[in-house]
Amino acid sequence: MQHHDIPGTVVFDGTQAQKGYALNAMCYSFNAAANRDAFTRDEDAYCAKFGLNEEQRAAIRERNVLKLLAAGGNVYYLAKFAGILKLNVQDIGAQQTGMTVDAFKDMLAAAGRQ
Amino acid sequence: MAQIVGAIATSHIPAIGKAIAEKKQNDPYWKPFFDGYDKAIAWLRQARPDVVVMIYNDHGLNFFLDKMPTFAVGAAAQYRSEDEGWGLPVQSSFPGDADLSWHVIESLVADEFDIVSCQDMAVDHGFTVPMTLMFPDAGGKWPVKTLPVSINTVQHPLPSPARCWKLGRAIGRAIESYPKDLRVVVFGTGGLSHQLDGTRAGFINKKFDLYCLETIVKDPEAFSKLSVVDLVREAGAQGVEFLNWIAMRGTLLGSVSKIHSNYHIPISNTAGATLVLENRAAVQTQAA
Ligand SMILES: [Fe+2]
């Protein structure tokens, strides 16, 4: 990946894609309802089946988006995990920025008044 | 001969699909966004397209990291809509035009674009949301055939803006050399500025978006000077979907005029936008 200095932004490149392969494979499987149900029934067994490493397993357990990204997760696959948790992109935006969901939505709306 | 009569660029935010399914078009949150589509839908109706070429990006439905094509072209009789994992309603399948697809594939490869061809392809919200937006009365019976072109915006390295512009040019040449009399409208979907991930989540850049909306009409080759990193910086990590718009604009080989545009912040985490362009073929102008 070309060097960049963009704050607060992880560019999902080959390094991240290799690191996060197992985690993203699991999240990709959540396209199917049967797999979402299997995860919900037995989270440990489902994570073990995809061979998540300790860092990835912990980030899933904590439902922590920044840690999932650091563990190689890609936001498009992670969104399918967020779907199981019934979290939308404002919810995960608020979590990552340390804001309340209302404050996060206000920030989005404020961008329109610039 | 087939003719590209124009193009539509539109956001493809999943929340739009949910709002349509829940008939929320007149809610105060949604009205300013959906009002911007009336003119676009009216233009599309009078354009009477036979085929829609859909330039979009897959977000992890058809493609995974095991095999990630930079450019992929559909070559199927039908394209499936499927469960994406977070509740967007599944649409009825979209008809394809395999003859046209293979013509485009032959032409692109001859033109040195070594694309991946897909005889089995599920299409996600990057494709389905623009279809439900622009054909609101379809009721599951799509009035056009479709040709999906998917650009990788998931895993870097992504193709550069210059490369996507050239891909668009090559698609334009491919379509306009097809011997059947078809009216074609090209869609470019996604954007505008947004970022879903990282501590910069929620980033929106109105100034850059407005520059893009104007420049893509008048001086589209200006984007060829930008790098993908420039796009990430200015449009956000997922705002790189503007690559689909650049490729769309590249397909218009004639004289291009703007019919309509709309811009509204925010829709979900994103700056929602649409743009309608008409393409007058050079050949026609000479004949007249
Ligand atoms: Fe998208």
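Preceding this paragraph is the structure being described.
We now turn to the structure provided with this report. (Residues numbered from 1 in each chain as written. Chains lettered and ligands numbered in written order. Predicted model: local features only at pLDDT ≥ 70, side-chain atom pairs only at ≥ 80, totals over all residues. Heavy atoms only, no water.)

1. A look at the overall build of chain B
Consideration 1: When helices and strands are counted, chain B shows 10 helices and 11 strands.
Consideration 2: The globule rule puts the C-alpha radius of gyration for 288 residues at 19 Å, and the 17 Å found for chain B is close to it.
Consideration 3: Along the longest, intermediate and shortest principal axes, the C-alpha atoms of chain B span 50 × 45 × 40 Å.
Consideration 4: With 288 residues in all, chain B has 65% of them scored as buried.
Consideration 5: Across chain B, every contact between residues at least 6 apart in sequence was considered, and the portion connecting residues at least 24 apart equals 82%. (Helix = DSSP H or I, 4+ residues; strand = E, 2+ residues; numbered from the N terminus. Rg over C-alpha atoms; globule rule 2.2 N^0.38 Å. Buried < 20%, exposed > 50% of the residue type's maximum accessible area, 1.4 Å probe, protein only. Contact = heavy atoms within 4.5 Å.)

2. Some points on the coordination of the iron ion
All names here are of chain B.
Consideration 1: Distances from the iron ion to its protein donors, namely H12 (NE2), H59 (NE2) and E241 (OE), fall within the range 1.9 to 2.2 Å.
Consideration 2: Of note, the donors binding the iron ion are all from one chain and are spaced H-x46-H-x181-E. On the criterion of sequence distance, the pair formed by H12 in the loop between strand 1 (3-10) and helix 1 (14-21) and H59 in the loop between strand 2 (51-56) and strand 3 (71-74) is long-range, its members being 47 residues apart. Across this residue pair, the class does not change: H12 and H59 are buried. (Donors = N, O, S within 2.8 Å, 3.2 Å for Na, K, Ca; no water.)

3. Quick word on the pattern of salt bridges
Consideration 1: By the definition in use, this model includes 17 salt bridges over all chains.
Consideration 2: With a shortest N-O distance of 3.2 Å, B:K67 and B:D66 are connected by a salt bridge.
Consideration 3: Of the charged contacts, one joins B:R80 and B:D120 as a salt bridge, the two residues approaching to 2.6 Å between their closest N and O atoms. One end of the pair, B:R80, is in strand 4 (residues 78-81); the other, B:D120, is in the loop between strand 6 (116-118) and strand 7 (122-123), with 40 residues separating them in the sequence.
Consideration 4: Each member of the salt-bridge network shares a partner with another, and the members are A:E43, A:D44, A:R57 and A:R63. (Salt bridge = Lys/Arg side-chain N within 4 Å of Asp/Glu carboxyl O.)

4. Re the sheet that holds strand 9 (residues 183-189) of chain B
Residue and element names in this part refer to chain B.
Consideration 1: Ordered by their spatial adjacency, eight strands build an open sheet running 6-3-8-2-9-1-11-10, and the pairing between neighbours is mixed. Unpaired on one side and paired on the other, strand 6 and strand 10 (255-267) mark the two borders of the sheet. Neighbour-to-neighbour, the strand axes of this sheet turn through a mean angle of 15°, independent of strand direction.
Consideration 2: The pairing of strand 2 with strand 9 spans five bridges and is classified as parallel. Each residue of the ladder has a partner; that of I55, found in strand 9, is G188. (Pairing = 2+ DSSP bridges. Axes fitted to C-alpha atoms, helices over the stretch in contact; angles between N-to-C directions.)

5. Examining the nonpolar core
Consideration 1: The biggest cluster of nonpolar side chains holds 73 residues, and the ones touching the most others in it are A:F39, A:I60, B:I16, B:M134, B:F135 and B:F187.
Consideration 2: Once residues lying within four places of it in the same chain are set aside, the contact partners of B:M134 are B:I8, B:Y37, B:A40, B:I41, B:L44 and B:F187.
Consideration 3: A:L108, B:F71, B:L147 and B:I216 belong to the second-largest nonpolar core, a separate cluster that totals 63 residues. (Core = buried A, V, L, I, M, F, W, Y, C linked by side-chain atoms within 4.5 Å.)

6. Re the interface of chain A and chain B
Consideration 1: Across the boundary between the two partners, chain A contributes 43 residues, which contact 38 residues of chain B.
Consideration 2: Buried surface at the junction of chain A and chain B, summed over both partners, amounts to about 3,500 Å²; 59% is from carbon and sulfur atoms.
Consideration 3: Summed over the shared surface of chain A and chain B, the number is two salt bridges.
Consideration 4: For B:R233, the salt bridge goes to A:D5, with nearest N and O atoms at 3.7 Å.
Consideration 5: Applying the counting rule to chain A against chain B returns 18 residue pairs in polar contact (both at pLDDT 80 or more).
Consideration 6: Where the side of chain A that touches chain B is concerned, the elements lending two or more residues are helix 1 (14-19), helix 2 (21-29), helix 3 (33-41), helix 6 (65-70), helix 7 (75-84), helix 8 (89-97) and helix 9 (101-111) of chain A.
Consideration 7: Of the residues forming the side of chain A that touches chain B, the biggest block, six residues, is contributed by helix 7 of chain A.
Consideration 8: By residue class, the composition of the side of chain A that touches chain B is 24 nonpolar, 15 polar and four charged. (Buried area = accessible area lost by both parts, 1.4 Å probe. Polar contact = N/O pair within 3.5 Å; in protein donor to acceptor, adjacent residues only side chain to side chain. Nonpolar A, V, L, I, M, F, W, Y, C, P; charged D, E, K, R; others polar.)

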